Every structure is written in C-alpha cells, then in structure tokens.
Amino acid sequence: MLNHSIRRRGVAMGRHAQSGVVLAIMLIVLVAMTLAAISMVRSVDTTNLIAGNLSFQQAATHSGDTGIELASTWLAANAAGVVLETDDPTNGYVAAGLKIAPNLTANPPQSWNDYWVNTLAARAVKSNQADAAGNTVSYIIDRMCNNAGSATGGASCVGSPTVTLASGNSEEAGEKQLNASSGVYYRITVRVDGPRNTVSYVQAVVSM
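The paragraphs below set out a description of the structure included in this document. (Residues numbered from 1 in each chain as written. Predicted model: local features only at pLDDT ≥ 70, side-chain atom pairs only at ≥ 80, totals over all residues. Heavy atoms only, no water.)

### Here's the deal with the pattern of salt bridges
The tally for this structure, following the rule as stated, stands at three salt bridges. The residue R123 makes a salt bridge to D142 at a minimum N-O spacing of 2.7 Å. Here D142 lies in strand 3 (residues 136-143) and R123 lies in the loop between helix 2 (112-120) and strand 2 (125-126), a separation of 19 residues in the sequence. Pair check on accessibility: R123 and D142 agree, each one buried. D193 is paired through a salt bridge with R191; the nearest N and O atoms lie 2.8 Å apart. Looking at R191, the relative accessible area reads 12%, which means it is buried. Each of the salt bridges in this network shares a partner with another, and the network as a whole consists of R123, D142 and R187. (Salt bridge = Lys/Arg side-chain N within 4 Å of Asp/Glu carboxyl O. Helix = DSSP H or I, 4+ residues; strand = E, 2+ residues; numbered from the N terminus. Buried < 20%, exposed > 50% of the residue type's maximum accessible area, 1.4 Å probe, protein only.)

Right, here's the structure in full:
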C-alpha cells in the first residue's frame, strides 16, 4: 500500500511540473506575439507617415507650376518694353541674374534652402493666399545676363542664336540660313511652402 501511494503521488507531481512548463512556454509565446504586434503597428504608422509626407511633397511640387505661370505671364506682359532692362524688386526681377548665380556655390557650398533664406527671400514675390492644397508659392526671376541694360547692347546675355545654318540634302546641296528670332533666357525659381513644414523648389528657364 505504501509503495502504491508513493507511486501515485509521484505521478501527480509529474503532471504539475508539466503544467508549469507549458504555462511558462505559453507566457513566452504571448510576450513574443505582443512584441511582434507592437512592431507591426509601428511599422504601419511609419509607412503611413512616409506616404503622407511624399504626398505633401508631390502636391507642393505640382503647385510650383503656379509660380512659373505667374512669372511667365509677367515676363510676357513686359517683353516689348524696357522694363526688363533694369531690376524690378517689386516683381522679384533681376536684370543681371548671372552675377548672383555664383552665390549658390559659395565656399562652403550652400543648400538650396540656405541660398533662398540668405539671398533670395528678400526679393521674392509671395502669393497672397494658399492654394486648395494649402501651399503658398513664392518666386523670383533672373535674366541670364551679366549686366543690366539692353539685351542687344552690353548686357552680355545668354540666349538662343539669331541665325542657324542647315545643310542641304542630296537634292538640295549647300547650306541655307534659317532665320530664327533671338531670345534671352530667364530663370524662374519657385519655392513652395506647404503643410507639415513641406518645402519644395522648382526651376524653369524660359525664352523671351
């Protein structure tokens, strides 16, 4: 009877030990699953944040077209007169834009944001209100010339050639002159400030 009782008691103690091991394993698995779930939630939040920031950045870049159109419209309206021969700070225009270009590659080099804040912001034209996406546009115009004055005089401007040459084909030998209207290049730089401190820069070169 004594041996039988001890045997049964040993079996019961073995079962309790097995239950304790299973409980410990379950707790470890539960902790691992909890950590995995937390990590997944953080990953999803980070992905959504990155996607949202990219969306704001793209919207800001698209809004830069508005600044280019505004600047181009002003250039076209004044192309026939002498307005473009001198600086016009009110409209963010510099007649000798090539002289300020080296400031971007100063020593040490500046980022575009530093260049805008330190050099360009003081003469930029800023839109009065934000667009539907919450973006505010500012722009400047630089005539690609070394000096102010007439583009056909001593302004030393960069522009399209007045005359180009085209070679004739086998039926029409020789070279012919193709008269092309000369045009001065103007560089338009646009800064877009949007939601979540989004900043985007867009540049375009037009000929007038």
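### Points about the pairing of strand 7 (residues 183-194)
Along strand 7, 10 of the 12 residues are buried, which leaves the element largely enclosed by surrounding structure. Where strand 3 and strand 7 come together, eight bridges link them in antiparallel fashion. Following the sheet pairing, Y139 is matched in strand 7 by V190. Inspection of the sheet shows strand 4 (residues 159-160) paired to strand 7 by two bridges, in the antiparallel sense. Paired with G159 across the bridge in strand 7 is V184. Bridge count for strand 7 against strand 8 (residues 198-207) is 10 bridges, and the pairing is antiparallel. For D193, the partnering residue across the bridge sits in strand 8 and is V199. (Pairing = 2+ DSSP bridges.)

### A word on the nonpolar core
Among the nonpolar cores identified, the biggest contains 22 residues, and L75, Y93, I141, Y186, I188 and V190 are the most heavily contacted of them. Of all elements in the fold, only helix 1 (2-78), strand 3, strand 7 and strand 8 reach the threshold of two or more residues within this core. Among all residues touching Y186, those that are not within four sequence positions of it are L75, L84, Y93, I141, D142, R143, M144, A204, V205, V206 and M208. (Core = buried A, V, L, I, M, F, W, Y, C linked by side-chain atoms within 4.5 Å. Contact = heavy atoms within 4.5 Å.)

### Things to note about unusual backbone geometry
Even without glycine at this site, S156 takes up a positive phi of about 55°. For S156, the location among the structural elements is in the loop between strand 3 and strand 4.

### Quick notes on the side chain of D88
Among the structural elements, D88 can be located in the loop between helix 1 and strand 1 (93-94). Buried within the structure, D88 lacks any salt-bridge partner; R123 is the closest side chain of opposite charge, at an N-O distance of 10 Å. When near neighbours in sequence (up to four residues on either side) are disregarded, D88 contacts W74, V83 and Y93. (Lys, Arg positive; Asp, Glu negative; His and termini not counted.)

### Comments concerning the state of the cysteines
A full pass over the atoms with the stated rule returns one disulfide. Note that C145 is cross-linked by a disulfide to C157, the S-S spacing being 1.9 Å. Negative torsions about the S-S bond denote left-handed disulfides, and the value of about 105° found for C145 with C157 makes this one right-handed. Linking C145 in the loop between strand 3 and strand 4 with C157 in the loop between strand 3 and strand 4, this pair joins segments that are 12 residues apart in sequence. Residue class for C145 comes out buried when judged on its relative accessible area of 0%. (Disulfide = S-S within 2.5 Å.)

### Considerations on the packing of aromatic side chains
This structure, assessed with the given rule, holds three aromatic pairs. Arranged with centres 5.4 Å apart and planes meeting at 50°, the rings of W74 and Y93 form a pair that is tilted. A residue pair is termed long-range when its members are at least 10 positions apart, and W74 in helix 1 and Y93 in strand 1 qualify at 19 residues. Here the aromatic cluster, defined as three or more aromatic residues joined through ring pairs, consists of W74, Y93 and Y186. (Phe/Tyr/Trp six-rings, centres within 6.5 Å; stacked < 30°, edge-to-face > 60°.)

### Points about the environment of T136
As for its position among the elements, T136 is in strand 3. What T136 contacts, discounting residues up to four positions off in sequence, is K126, S127, A130, R191, V192 and D193.

### Some details on a nonpolar patch on the surface
On the surface, a nonpolar cluster with roughly 380 Å² of combined accessible area is contributed by V21, I25, V29 and M33. The class for V29 is partly exposed, based on a relative accessible area of 42%. (Patch = residues over 30% accessible without salt bridge, like charges linked within 9 Å, V, L, I, M, F, W, Y side chains within 5 Å. Areas by Shrake-Rupley, 256 points an atom, 1.4 Å probe, with all protein chains shown as cover.)

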